[in-house]
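The residues making up each chain are set out below.
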Amino acid sequence: MDIRITPSILNADLANLNLEIAKIAADADLLHLDIMDDKFVPNKTWDFNAAHEIISQSPLPVDAHLMIEDPDLQAPKYAEIGCASVTIHFEATQKPRQTLQSIRKNGARAALALKPKTDFQVLTEFRNDLDMILIMTVEPGFGGQKFMADMMDKVSKSRDFIGDADIWLQVDGGISVETIEIARDAGADTFVAGSAVFKAPDPAAMVLTLKELATK
């Protein structure tokens with residue numbers, strides 16, 4: 001199983017973002033970009049123009065996680081401007097299949113995210129439309145939250161559902177040296193880590209440590 005570490009810049013030093021990204025560019029697999037609109041979640045990060053600038057300058061392929069109320073309109077645009085992967089939330093989309101297909105048509109991997117209270121079963125009708133499933137292991141909206149170990153049952157069910165399909169299984173929230181093996185054992189192969197990476201004395205070394213733990 002291929003393992004991917006996708007550091008989230010939500011907890012990076014935003015005043016020196018290019019430098020922060022450069023620290024992990026040689027070792028991370030993707031850059032996780034959290035787009036929040038203060039409507040779907042109670043926090044606001046980057047609008048489309050600001051995100052476009054980050055995406056265009058990133059030395060890493062960008063994994064955009066849209067925590068916004070209008071993903072059906074916005075998600076294809078993120079694919080158009082060069083994101084490698086675009087994630088929409090099941091709870092926000094009105095047209096999940098159509099939007100996932102539009103993401104693909106615009107050149108990005110299409111992903112569907114589930115908040116902690118959303119049942120795994122909602123995924124099952126979209127198997128042929130997915131390139132990645134994201135199981136939230138915190139309530140979306142803020143970085144630095146505690147890992148929800150009770151989400152591992154949902155991760156395991158997702159792994160069984162994926163079978164031998166080329167669908168990545170991502171976890172996001174509270175991933176650290178203490179929790180990454182728990183998530184890996186449940187079946188995850190793609191790990192978003194924010195605070196653990198960018199609050200570490202050496203972010204690059206932390207990326208390598210996390211990958212080593214997940215690959216054991």
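Worth saying up front: this structure is predicted, and the values here are computed from it rather than measured.

## Quick notes on the overall build of the chain
Across its full length, the chain holds eight helices and eight strands. Relative to the 2.2 N^0.38 estimate, which gives 17 Å for 216 residues, the radius of gyration of the chain is 16 Å and therefore close to what a compact globule would have. Principal-axis analysis of the C-alpha atoms places the extent of the chain at approximately 45 × 40 × 30 Å. Taking all 216 residues of the chain together, 57% fall into the buried category. If you take every contact in the chain between residues at least 6 apart in sequence, the share linking residues at least 24 apart comes to 64%.

## What to know about the packing of aromatic side chains
Per the counting criterion, the structure on display carries two aromatic pairs. Their ring planes at 85° and their centres at 5.1 Å tell us that Phe48 and Tyr78 sit as a pair that is edge-to-face. With a gap of 30 residues between them, Phe48 in helix H2 (residues 48–57) and Tyr78 in helix H3 (residues 71–80) connect regions that are remote in the sequence. Judged by relative accessible area, Phe48 falls into the partly exposed class, the value being 25%. Residue Tyr78 is classed as buried on the basis of its relative accessible area of 2%. Consider the rings of Phe120 and Phe161, whose centres lie 5.9 Å apart with planes at 80°: the pair is edge-to-face. Of this pair, Phe120 sits in the loop between strand S5 (109–114) and strand S6 (132–136) while Phe161 sits in helix H5 (residues 152–162), and the two are 41 residues apart along the sequence. Across the pair, Phe161 and Phe120 agree in class, each one buried. If you follow Arg109 out to its NZ or CZ, it ends over the ring of Trp168, 3.9 Å from the centre.

## A look at the pattern of salt bridges
The full count for this structure, using the stated rule, is nine salt bridges. In this structure, Lys211 engages Asp29 in a salt bridge whose closest nitrogen and oxygen atoms are separated by 2.8 Å. Of this pair, Lys211 sits in helix H8 (residues 203–215) while Asp29 sits in the loop between helix H1 (17–24) and strand S2 (31–36), and the two are 182 residues apart along the sequence. When its relative accessible area of 22% is taken as the criterion, Lys211 is described as partly exposed. We note a salt bridge from Arg184 to Asp185, for which the minimum N-O separation is 2.7 Å. Here the salt bridges share partners, and the residues they tie into one network are Arg4, Arg159 and Asp189.

## Some thoughts on H3
Three or more residues of H3 are buried, namely Pro71, Gln74, Ala75, Pro76, Tyr78 and Ala79. Those residues of H3 that are buried are in contact with S2, H2, strand S3 (62–67), strand S4 (85–89) and helix H4 (96–105). In the segment just after H3, Gly82 is the residue with positive phi, at about 115°.

## Focus on the environment of Thr93
With respect to the secondary-structure elements, Thr93 resides in the loop between S4 and H4. Residue classification places Thr93 among the buried positions, given a relative accessible area of 9%. Separated by 19 residues in the primary sequence, Thr93 and Leu112 have C-alpha atoms spaced 9.6 Å apart. When near neighbours in sequence (up to four residues on either side) are disregarded, Thr93 contacts Pro71, Asp72, Ile88 and Thr99. Of note is the side chain of Thr93, whose polar atom sits 3.1 Å from the backbone nitrogen of Lys95.

Reading guide: rules and limits
- Positions within a chain are numbered from 1, following the residues in the order the chain's sequence is written.
- With the structure being a predicted model, the display of local features is reserved for residues of pLDDT at least 70 and the display and counting of side-chain atom pairs for 80 or more, all residues being used for whole-chain, interface and lining totals.
- Note that the side-chain values use all heavy atoms of the structure and ignore hydrogens as well as water.
- Secondary structure elements are defined from DSSP: runs of H or I of at least 4 residues count as helices, runs of E of at least 2 residues count as strands, and each element is numbered from the N terminus.
- Here the globule rule reads 2.2 Å times residues to the power 0.38, and the radius of gyration is calculated from C-alpha atoms.
- Only protein chains enter the accessibility calculation, which uses a 1.4 Å probe. A residue is then buried if its area is under 20% of the maximum for its type, exposed if over 50%, and partly exposed in between.
- The contact criterion used is simple: two residues touch if any of their non-hydrogen atoms lie within 4.5 Å.
- Each pair of aromatic rings taken from Phe, Tyr and Trp, with Trp reduced to its six-membered ring, is defined by centres within 6.5 Å and is described as stacked if the planes are under 30 degrees apart, edge-to-face if over 60, and tilted in the remaining cases.
- Only when the NZ atom of a Lys or the CZ atom of an Arg is both within 6 Å of the ring centre and within 35 degrees of the ring normal do we say a charge sits over the ring.
- We define a salt bridge as a contact between a side-chain nitrogen of Lys or Arg and a carboxyl oxygen of Asp or Glu at a distance within 4 Å.
- Contacts described as polar in this section are N or O atom pairs within 3.5 Å, which, within protein, must combine one atom able to donate a hydrogen with one able to accept it, while residues neighboring in sequence count only if both atoms come from side chains.

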